[in-house]
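Take a look at the letters that make up each chain.
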Amino acid sequence: MKNHPSASSQPARPGSPLDSSGWLLAPAALWGGCFFLVPLLIVLLVSFATRGVHGGVVWQFTLANYGELLHPIYIVIFVQSLAYAAVTTCLCLVIGFPFAYFIARAPRHLQSIWLLVILVPFWTNFLVRTYAWMFLLRAEGLFNGWLLHWGLIDEPIQMLYQPVAVLIGLVYGYLPFMVLPLYVACERLDPTLIDAARDLYAGRMATFRRVIWPLVKPGVVAGSLLVFIPAVGAFITPDLLGGARTMMIGNLIQHEYLVVRDWPLGSALSFILMALVILLLRGYFRVDRRLSLPQVSQ
Amino acid sequence: MKTKRLPAVGICVGILALAAACTQDPENSREAQNQGSRPTLHYFTWSDYVGPEILAEFERREQARVVVDLFSSNEELLAKLQSGATGYDVAVPSDFMVAIAMQLGLLEELDHAAIPNAKALNPHLQRLPFDPAQRYSIPYLWGTVGIGYDSNVIKTPPDSWAILWDPRYKGRISMLNDQREVFGATLRWMGQSLNSQNQAVIEAAKAKLIDQKPLVKTYTSDHYDQLLATGEVVLAHGWGGPIARAMRERPSIRYVVPKEGGTVWADCLVVLKTAPHKELAMRFINYLLDPQVAARTSERLLFAAAPAVAKGLVPHDIRDNPAVYPPDEVFDRMEWMKDVGEAVRAYDRAWTELKMR
Amino acid sequence: MTRGGFWLKLATAGNVLFLYLPIAVLIVFSFNASRLSATWQGLTLEWYRLLLTDQALLEATFNSLLVAGVSTVMSLILGVMGALGIERLAARYQTTVDGVILLPLIIPEIMMGVALMLLFVTIKLPLSLLTVVIGHVVFNLPLVMVIVRARLRKLDPQLSEAARDLGAGTWQVFRRVTEPMIRPAVIGAGLMALTVSLDDFMVTFFLAGPGAATLPLKVYSMIKAGISPEINALSAVMVLASMGLITVSLLIQRRSSS
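Just so we're clear, the structure is a prediction, and the values are computed from it rather than from any experiment. (Residues numbered from 1 in each chain as written. Chains lettered and ligands numbered in written order. Predicted model: local features only at pLDDT ≥ 70, side-chain atom pairs only at ≥ 80, totals over all residues.)

**Student:** What is the right way to read the overall build of chain A from this model?
**Tutor:** Each helix and strand in chain A was counted, giving 14 helices and two strands. Per-residue burial for chain A yields a buried fraction of 46% across its 298 residues. For chain A, the share of sequence-separated contacts (at least 6 apart) that also reach a separation of at least 24 residues comes to 70%. (Helix = DSSP H or I, 4+ residues; strand = E, 2+ residues; numbered from the N terminus. Buried ≥ 20, exposed ≤ 12 C-beta atoms within 10 Å, placed from the backbone. Contact = placed C-beta atoms within 7 Å.)

What follows is the structure, given as structure tokens:
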């Protein structure tokens with residue numbers, strides 16, 4: 001194409017068939033096809049297969065695995081996981097919003113430092129962060145030590161291996177996912193708008209509801225999804241901080257695959273989980289198309 | 001200008017590293033660069049099941065390298081093998097899992113000529129039901145499942161599994177995170193076999209366990225020794241070894257096998273059918289079963305060693321500790337765990353239901 | 001404003017405390033002489049010494065670095081090419097592709113681990129470091145593509161068109177025009193991929209074969225075995241390492257932006 005006369009008069013526009021560099025996408029597409037779409041397809045197929053007596057898969061079509069999932073125990077686990085994820089999301093929102101707002105209001109040169117403050121825990125290994133809470137919460141741990149020392153309690157409180165420990169771990173693990181998009185949204189917020197609202201004698205609540213909320217809503221939705229989705233499939237947090245007393249979907253899937261070796265049932269479970277997440281996201285993209293890309297990038 | 005070349009250099013390094021990673025056995029290729037080609041033996045075993053100095057000695061003796069990979073339950077071991085993790089040479093499944101692995105054709109027949117140390121095992125471990133002729137497996141470490149308790153808190157020594165249902169110890173009880181063991185203890189308490197395949201019996205055991213759950217602090221197979229030692233739990237359902245380890249940190253800890261009886265278990269050495277170094281694997285098994293080596297392992301882990309002589313080689317306090325070496329009189333009430341076949345689904349559902357409460 | 005400002009500051013302080021207290025406590029107690037207790041019993045470096053002599057741990061660290069390095073480089077190559085490729089597609093395909101590349105980022109990690117394990121079982125590829133690397137590229141590739149693509153979208157297409165008009169070939173346009181402009185995004189994507197790969201537990205958990213344990217797998221089995229000051233020491237080292245990584249990334253970004 002080099003120096004071709006028509007190339008200068010009619011440059012190859014993106015998307016035109018003249019341009020041959022669309023092949024650049026081929027290796028990535030091939031990789032994704034082989035190692036992402038095909039595996040998903042296999043999971044789908046396995047979810048309709050029969051379990052071998054000692055695990056493994058017998059290729060005999062059945063709907064029994066999905067039928068099994070209608071058993072109340074699995075439904076309860078799904079509902080519980082959704083509830084954990086929802087509470088985690090709300091807590092992250094309540095805790096993270098003032099923080100994000102504060103950072104967005106801070107002077108420009110300080111903002112990057114504040115972002116760093118969020119990023120350090122975010123870049124720290126998830127297992128390490130979970131372990132930190134095990135260390136703090138156990139009966140012989142630091143919190144109980146302090147409370148006993150100050151005479152606030154006479155007996156250590158059971159915190160570790162309780163649902164509250166799982167919640168703390170989830171909130172701690174995913175809080176940065178909430179704060180970052182919220183910060184982006186708050187940063188776009190023009191402070192003069194708030195001043196204007198105040199000048200017009202809007203109360204604090206009214207200012208929030210009428211001015212701030214509509215503007216930060218996209219950030220709230222994005223942050224909520226970024227927290228809710230990993231939280232609903234969490235494995236490490238309930239496993240380590242829940243002391244294997246609580247099971248979330250992630251633990252159930254791991255249990256089916258690695259403990260009971262019921263691969264078909266495990267596959268059916270993971271497929272339902274994936275469908276759930278995709279439905280949620282479809283809803284999100286329908287609600288707000290503007291936020292499709294940039295959120296994930298930073 | 002120099003920095004401009006950095007990405008190119010990075011790409012080259014990356015591709016080279018990839019080439020290295022893609023070779024069948026990364027350890028071997030890595031080794032080959034500095035120490036000639038020593039065979040690498042892959043040993044798949046329980047967390048903290050082997051002392052580094054014991055491995056180092058074998059490595060010296062055989063001019064080989066031993067790489068250890070860990071699993072934390074029999075089920076995890078089987079799942080890994082079934083999911084195509086070939087390359088392990090020697091593994092240590094427990095009794096009932098040996099039976100399953102045999103049926104699935106995962107095990108290599110042992111060459112007894114290469115394992116002379118297998119001849120002199122403790123009489124209790126000869127002719128085990130799942131592999132009487134030791135064609136595929138040789139017992140290595142063994143023991144019982146019972147209750148560890150803090151005698152400072154529980155003054156009268158408990159003699160029944162019922163103590164684990166005692167509301168006075170709410171929140172201070174730990175149970176194994178192992179569905180067969182937890183159901184096993186419950187079934188024995190109910191006067192049933194711990195290998196029951198009867199749906200109604202399993203349901204009844206489940207109901208008992210659901211009653212118990214509010215009292216249970218955690219289900220763990222890994223760190224109840226620590227929980228006992230720090231006093232976070234005063235009752236732990238568990239294997240003798242970790243409970244004996246807790247005794248070292250907190251002398252008031254005691255061990256009891258309830259009168260209803262429980263599990264006797266043996267972790268067995270096996271060679272996998274897909275093992276790359278079968279002969280070395282046989283020699284490794286023979287080495288681990290050497291009475292001296294086995295005694296050292298026993299001393300370290302506080303599990304009973306299978307070679308008959310080894311018991312005499314460990315210190316008195318360990319030899320006489322019922323948590324480590326089961327006294328003869330408990331054998332009448334012990335039961336080996338067996339594969340329950342299709343009933344595993346009933347256990348599984350019951351276990352899931354217990355966990356979701 | 002002053003009262004609102006006060007509450008805002010209080011909430012911020014609470015957040016910072018919440019985020020940093022656990023990490024700080026871990027680091028402080030990595031120097032505690034007591035093995036089991038959470039009471040302070042004197043200063044020691046014993047746990048750090050133990051770390052350095054733990055052969056399995058060093059091997060796991062090596063594996064982690066190898067997997068992270070290789071998967072990052074592969075993801076960068078495939079991802080940058082892919083992002084450029086999307087640019088050339090017709091607009092209506094672009095939207096679809098943008099949606100599809102988000103999929104691996106949003107489906108639950110455990111699902112990805114399970115699916116890849118089933119794939120390798122089906123094609124009878126034995127689990128090893130190689131399968132771990134493949135798995136890591138699966139989630140790092142879309143990450144790189146999304147980040148680089150976001151940057152490409154902001155570029156003025158007229159720049160490369162102008163270069164073409166001046167007679168530059170496709171490769172020249174990339175080297176001279178596109179690459180310098182997307183470099184910060186590529187570096188950022190690389191660091192992100194490195195971090196995500198070093199952090200990954202779930203996918204590796206399902207894909208690791210003999211001798212392929214990575215650092216997170218090792219840490220997990222250590223945590224399972226109970227609280228120990230050795231884990232505290234390891235955590236301290238890992239926190240410092242991630243701080244180092246962030247500092248490096250900031251320095252690079254500052255340099256490339258100036």
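**Student:** Please clarify how the overall build of chain B should be interpreted in this entry.
**Tutor:** Of regular secondary structure, chain B possesses 14 helices and eleven strands. Across chain B, every contact between residues at least 6 apart in sequence was considered, and the portion connecting residues at least 24 apart equals 74%.

**Student:** Quick question: what am I supposed to make of the interface of chain C and chain B here?
**Tutor:** When the parts of a complex come together, some accessible area is lost, and that lost area is often used as the size of the interface. Of the residues lining the interface, 29 residues belong to chain C; the matching set on chain B comes to 30 residues. Every element with two or more residues in the side of chain C that touches chain B is listed here: α3 (55–88), α5 (109–122), α6 (129–154) and α10 (215–224) of chain C. In terms of residues, the side of chain C that touches chain B owes the most to one element, α3(C), which gives eight residues. When its residues are assigned to classes, the side of chain C that touches chain B shows 20 nonpolar, seven polar and two charged. (Nonpolar A, V, L, I, M, F, W, Y, C, P; charged D, E, K, R; others polar.)

**Student:** Sorry, what's going on with the confidence of the model for chain B here?
**Tutor:** Where the model shows low pLDDT, its predicted coordinates should not be examined in detail. Scored by pLDDT, chain B has a mean of 87; 90% of the residues are at 70 or more. ipTM for the predicted complex: 0.88, alongside a pTM of 0.86. (pLDDT = per-residue confidence, 0-100.)

**Student:** What is the right way to look at unusual backbone geometry in this model?
**Tutor:** Most peptide bonds take the trans configuration, and most residues that are not glycine carry a negative phi. Positive phi is not limited to glycine here, since Tyr161(A) has a value of about 65°. Along the chain, Tyr161(A) turns up in the loop between α7 (142–149) and α8 (163–188). Unlike most non-glycine residues, Lys124(C) shows phi in positive territory, near 55°. With respect to the helices and strands, the residue Lys124(C) is situated in the loop between α5 and α6.

**Student:** Any chance you could explain the pairing of strand β8 (residues 253–256) of chain B here in plain terms?
**Tutor:** Moving residue by residue along a regular strand, the side chains alternate between the two faces of the sheet. Residues and elements named next belong to chain B. Because side chains alternate across β8, one face comprises the buried residues Ile 253 and Tyr 255, and the other comprises Arg 254 and Val 256, none of which is buried. The sheet contact formed by strand β4 (residues 137–150) and β8 spans four bridges and is antiparallel. Following the sheet pairing, Tyr 149 is matched in β8 by Arg 254. (Pairing = 2+ DSSP bridges.)

**Student:** Quick question: what am I supposed to make of helix α12 (residues 249–259) of chain A here?
**Tutor:** An α-helix turns once per 3.6 residues; consequently, residues spaced three or four apart project the same way. All names here are of chain A. Burial runs high along α12: eleven of the eleven residues are buried. Among the residues of α12, Ile 249, Gly 250, Asn 251, Leu 252, Ile 253, Gln 254, His 255, Glu 256, Tyr 257, Leu 258 and Val 259 are the ones counted as buried. Arg 261 occupies a position one or two residues after α12 and carries a positive phi of about 55°.

**Student:** Would you mind going over the packing of helix α6 (residues 126–137) of chain A against α10(C) with me for this structure?
**Tutor:** For any two helices packed against each other, the geometry is given by the interaxial angle and the distance between the axes. Following both chains from N to C, one finds α6(A) and α10(C) inclined at 15°, their axes separated by 10 Å at the closest point. Comparing the axis directions of α6(A) and α10(C) gives the class roughly parallel. Crossing of α6(A) over α10(C) shows left-handed handedness. Taken together, the residues of α10(C) that come into contact with α6(A) (itself represented by Leu127(A), Val128(A) and Tyr131(A)) are Pro216(C), Val219(C), Tyr220(C) and Ile223(C). The class makeup of the residues in the contact of α6(A) with α10(C) is seven nonpolar, no polar and no charged. (Axes fitted to C-alpha atoms, helices over the stretch in contact; angles between N-to-C directions. Parallel < 35°, antiparallel > 145°, perpendicular 65-115°, else oblique. Left-handed = near helix turned anticlockwise from the far one by under 90°.)

**Student:** Looking at this structure, I do not really get the environment of Gly283(A). What am I missing?
**Tutor:** Structurally, Gly283(A) can be placed in helix α13 (residues 263–287). Along the backbone, Gly283(A) and Ile194(A) are 89 residues apart, and their C-alpha atoms lie at a distance of 30 Å.

**Student:** Teacher, can you tell me more about helix α11 (residues 291–301) of chain B here?
**Tutor:** Residue and element names in this part refer to chain B. Among the residues of α11, those classed as buried are Val 293, Ala 294, Ala 295, Thr 297, Ser 298 and Leu 301. Tucked inside the fold, the buried residues of α11 contact α3 (52–62), β4, α9 (240–249), α10 (278–288), β10 (304–305) and α12 (310–313). With its phi angle positive at about 65°, Leu 302 sits one or two positions after the end of α11.

**Student:** Just to check I follow, could you spell out the packing of helix α4 (residues 72–105) of chain A against helix α14 (residues 344–356) of chain B for this structure?
**Tutor:** Between α4(A) and α14(B), the least distance of the axes is 10 Å, while the angle of their chain directions is 35°. Taken as a pair, α4(A) and α14(B) cross one another with a handedness that is left-handed. Here α4(A) contributes Ile73(A), Val76(A), Ile77(A) and Gln80(A) to the contact with α14(B), which in turn contributes Arg349(B), Thr352(B), Glu353(B) and Met356(B). When grouped by side-chain class, the residues that make up the contact of α4(A) with α14(B) number four nonpolar, two polar and two charged.

**Student:** Explanation requested: the pairing of β4(B) in the structure shown.
**Tutor:** Residue and element names in this part refer to chain B. Burial analysis of β4 places 14 of its 14 residues in the buried class, the great majority of the element. Of the pairings in the sheet, the one linking β4 to strand β9 (residues 263–271) comprises seven bridges and is antiparallel in character. Each residue of the ladder has a partner; that of Gly 143, found in β9, is Trp 265. By the bridge criterion, two bridges tie β4 to β10 in an arrangement that is antiparallel. Looking at the pairing, Leu 141 lines up with Ala 305 of β10. Bridge analysis of β4 against strand β7 (residues 235–239) gives five bridges, and the strand direction is antiparallel.

**Student:** What exactly am I supposed to notice about the environment of Val38(A) here?
**Tutor:** If you trace the backbone, Val38(A) turns up in helix α2 (residues 25–46). The partly exposed category is assigned to Val38(A), around which 17 C-beta atoms lie within 10 Å.

**Student:** Honestly, the environment of Ala162(B) in this entry has me stumped. Any pointers?
**Tutor:** Residues and elements named next belong to chain B. For Ala 162, the position within the fold is in the loop between β4 and β5 (173–175). Given 11 C-beta atoms within a 10 Å radius, Ala 162 is considered exposed. Ala 162 sits 98 residues away from Glu 260 along the chain, and the two C-alpha atoms are 9.8 Å apart.

**Student:** Please clarify how the confidence of the model for chain A should be interpreted in this entry.
**Tutor:** Residues and elements named next belong to chain A. Looking at chain A as a whole, the pLDDT averages 83, with 89% of positions reaching at least 70. When mean pLDDT is taken per element in chain A, α2 scores highest with 93 and helix α1 (residues 5–9) scores lowest with 39. The low-confidence segment residues 1–18 (pLDDT under 50) makes 19 contacts with residues lying over four places distant or belonging to another chain. In this model, residues 290–298 is a region of pLDDT below 50 whose contacts with residues beyond four sequence positions or in other chains number 17 contacts.

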